[in-house]
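For reference, the chains in residue letters:
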Amino acid sequence: MEDVYTLTLEDKESHFDELHLSMCGHSVCYPDNNIGPAAHSCYVLHYILDGKGEYRIDGRTYTLEKNEGFLMMPNRVCSYKADHDDPWTYLWIGFDGTKARSLLESMGFSDDRLTYSANCGAKLLKIINAMLKSDAVGMEQEFFLQAQMFQFFSVLSHALSTDANFFRRDNQSYYVRAAESYIRDHYAEDIKIQDIADAAGISRSYLAILFQDILSTTPSDYLTGFRLTRAHEQLQITDLPINRIAENCGYQNPLVFTRAFKKKFNTTPVQFRKTMRESRSIRIEEIRNLK
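Residues numbered from 1 in each chain as written. Predicted model: local features only at pLDDT ≥ 70, side-chain atom pairs only at ≥ 80, totals over all residues. Heavy atoms only, no water.

Student: Could you clarify how one ought to interpret the nonpolar core in this entry?
Tutor: Counting 49 residues, the largest nonpolar core has L45, Y55, F95, F152 and L156 as its most contacted members. With eight residues, the single largest contributor to this core is helix α3 (residues 138-161). Residue contacts for L45: discarding those within four places in its chain leaves F70, L71, L91, W92, I93, F95, F109, Y116, F152, F153 and L156. Core analysis: the second largest hydrophobic core is formed by 32 residues, Y175, I196, A200 and L210 among them. (Core = buried A, V, L, I, M, F, W, Y, C linked by side-chain atoms within 4.5 Å. Buried < 20%, exposed > 50% of the residue type's maximum accessible area, 1.4 Å probe, protein only. Helix = DSSP H or I, 4+ residues; strand = E, 2+ residues; numbered from the N terminus. Contact = heavy atoms within 4.5 Å.)

Right, here's the structure in full:
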């Protein structure tokens, strides 16, 4: 059992396609109160105000407590249960829209990162209560709830960005390693940043965030740097024509390749190869003189 205070809008048409509120609420749970297994048609984000409980999904069990929370993805079966001795009190907000997933990914959530910690319960509860107590109707209500929802995410996003323990960095690194692996295997092809993000299983915007946080660069700059480094090597160890090396490194236009190479190494591919050969000849001649 639980004492529930809820607002449900799932059956109402929204004027905000990119992101809109579906439900929100506040629950005070009794010991061992269990919900599920069940699935929602929208995203539902829970925040624990007090007490403890368990969140179960895909055979995994997360034990959570005050100032922690969990995300329910659409159409994924899960269940959650209040602790026997210290049952939790929590709030939740349900939402959906064409930009909902990218919003969550920009905050650090993903299919494999569904729990979090953030010390902002009092502020979030105030927002949820304002939603629950709203007596507006029609478009006035929709605008008000939309504004409150954005305020909710603003508060939560700030709390997450200041919590070093929000998510384990090794999980984030997994996606970066997957992206790097794809680049190593396909850099010679006409790949796009979206292709790299798709290969890593995350959105393009989240890929950019992870590359900046972990590698201090953008996916585009990383791809360019990788290609040019490979070209730098081929110019030294092969006699292939410049246009062939450009093609081998993902550049269909030799002029574009030359400009990019010069920008990175402050010399053109032709000049670099000439300098390397001259230097090699000098070293060979010095060795001969020693004999």
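Resuming the write-up.
Student: Got a minute to help me understand helix α9 (residues 254-265) in this structure?
Tutor: Every α-helical turn comprises 3.6 residues, leaving residues that sit three or four positions apart pointing alike. The end-to-end C-alpha distance of α9, which contains 12 residues, comes to 16 Å, matching closely the 16 Å that a straight helix rising 1.5 Å per residue would cover. Looking at α9, one finds that the buried residues are F257, A260 and F261. Buried positions in α9, seen along its axis, are confined to an arc of 100° and lie on one side of it. Exposed positions of α9 whose direction lies more than 90 degrees from the buried face are L255, R259 and K263. The backbone nitrogen of L255 has a side-chain oxygen 2.9 Å away, supplied by the residue at the start of α9, namely N253. Directly beyond the C-terminal end of α9, a positive phi value near 60° is found at N266. (Expected span 1.5 Å × (residues − 1). Arc of directions from axis to C-beta. Polar contact = N/O pair within 3.5 Å; in protein donor to acceptor, adjacent residues only side chain to side chain.)

Student: Where do I start with the packing of helix α7 (residues 219-237) against α9 in this structure?
Tutor: In a packed pair of helices, the relevant descriptors are the angle between the two axes and the axis-to-axis distance. Relative orientation of the contacting elements α7 and α9 amounts to 90°, with a least axis distance of 10 Å. Classified by the angle their axes make, α7 and α9 are roughly perpendicular. Of the residues in α9, those touching α7 at G225, L228, T229, A231, H232 and L235 are F257, A260, F261, K264 and F265. A breakdown of the residues in the contact of α7 with α9 according to their chemical character gives seven nonpolar, three polar and one charged. (Axes fitted to C-alpha atoms, helices over the stretch in contact; angles between N-to-C directions. Parallel < 35°, antiparallel > 145°, perpendicular 65-115°, else oblique. Nonpolar A, V, L, I, M, F, W, Y, C, P; charged D, E, K, R; others polar.)

Student: Looking at this structure, how should I read the pattern of salt bridges?
Tutor: Pairing between side chains becomes possible if they bear opposite charge and their charged atoms approach one another. Within the structure shown, the criterion is met by seven salt bridges. Notably, a salt bridge pairs D58 with R60, separated by 3.6 Å at the nearest N-O pair. Given a relative accessible area of 51%, D58 falls into the exposed group. Between R277 and D239 there is a salt bridge whose closest N-O contact spans 3.0 Å. Of the two residues, R277 is situated in helix α10 (residues 269-290) and D239 in the loop between α7 and α8 (242-248); the sequence distance between them amounts to 38 residues. On the basis of relative accessibility, which here comes to 67%, the residue D239 falls in the exposed class. (Salt bridge = Lys/Arg side-chain N within 4 Å of Asp/Glu carboxyl O.)

Student: I tried to follow the environment of A208 on my own but got confused; where do I start?
Tutor: If you trace the backbone, A208 turns up in helix α6 (residues 204-215). Judged by relative accessible area, which is 32%, A208 ranks as partly exposed. For the pair A208 and V176, spaced 32 residues apart in sequence, the C-alpha to C-alpha distance is 9.8 Å.

Student: Could you clarify how one ought to interpret α7 in this entry?
Tutor: The terminal C-alpha atoms of α7, which comprises 19 residues, lie 27 Å apart, in line with the 27 Å expected from a rise of 1.5 Å per residue. Where α7 is concerned, the buried positions are P219, Y222, L223, G225, F226, R227, L228, A231, Q234 and L235.

Student: How should unusual backbone geometry be read in this particular structure?
Tutor: In most cases, non-glycine residues show a negative phi, while peptide bonds are predominantly trans. Look at the link from G36 to P37: it is a cis peptide, with omega at 5°. Assignment of secondary structure puts P37 in strand β3 (residues 34-38). At N75, a position not held by glycine, the phi torsion is positive, near 65°. Within the secondary structure, N75 is located in the loop between β7 (68-72) and β8 (78-82).

Student: In this structure, what is going on with the sheet that holds strand β5 (residues 52-57)? I would like to understand it.
Tutor: Hydrogen bonds between backbone groups are what pair the strands of a sheet, and the pairing can be parallel or antiparallel. Strand order in the open sheet formed by four strands is β3-β8-β5-β6, with antiparallel pairing between adjacent strands. At either end of the open sheet lies a strand with only one pairing partner, and these are β3 and β6 (60-65). Each strand axis lies, on average, 15° off the axis of its neighbour in the sheet, ignoring direction. Two elements, β3 and β8, share three bridges in a ladder whose sense is antiparallel. By the bridge assignment for β8, A38 is matched with C78. (Pairing = 2+ DSSP bridges.)

Student: I keep staring at a negative patch on the surface and nothing clicks. Help me out?
Tutor: Taken together, the side chains of D32, D50, E65, D85 and D86 present a region of like negative charge at the surface. Among the secondary structure elements, D32 is positioned in the loop between β2 (20-29) and β3. (Patch = residues over 30% accessible without salt bridge, like charges linked within 9 Å, V, L, I, M, F, W, Y side chains within 5 Å. Areas by Shrake-Rupley, 256 points an atom, 1.4 Å probe, with all protein chains shown as cover. Lys, Arg positive; Asp, Glu negative; His and termini not counted. Charge placed at Lys NZ, Arg CZ, Asp CG, Glu CD.)

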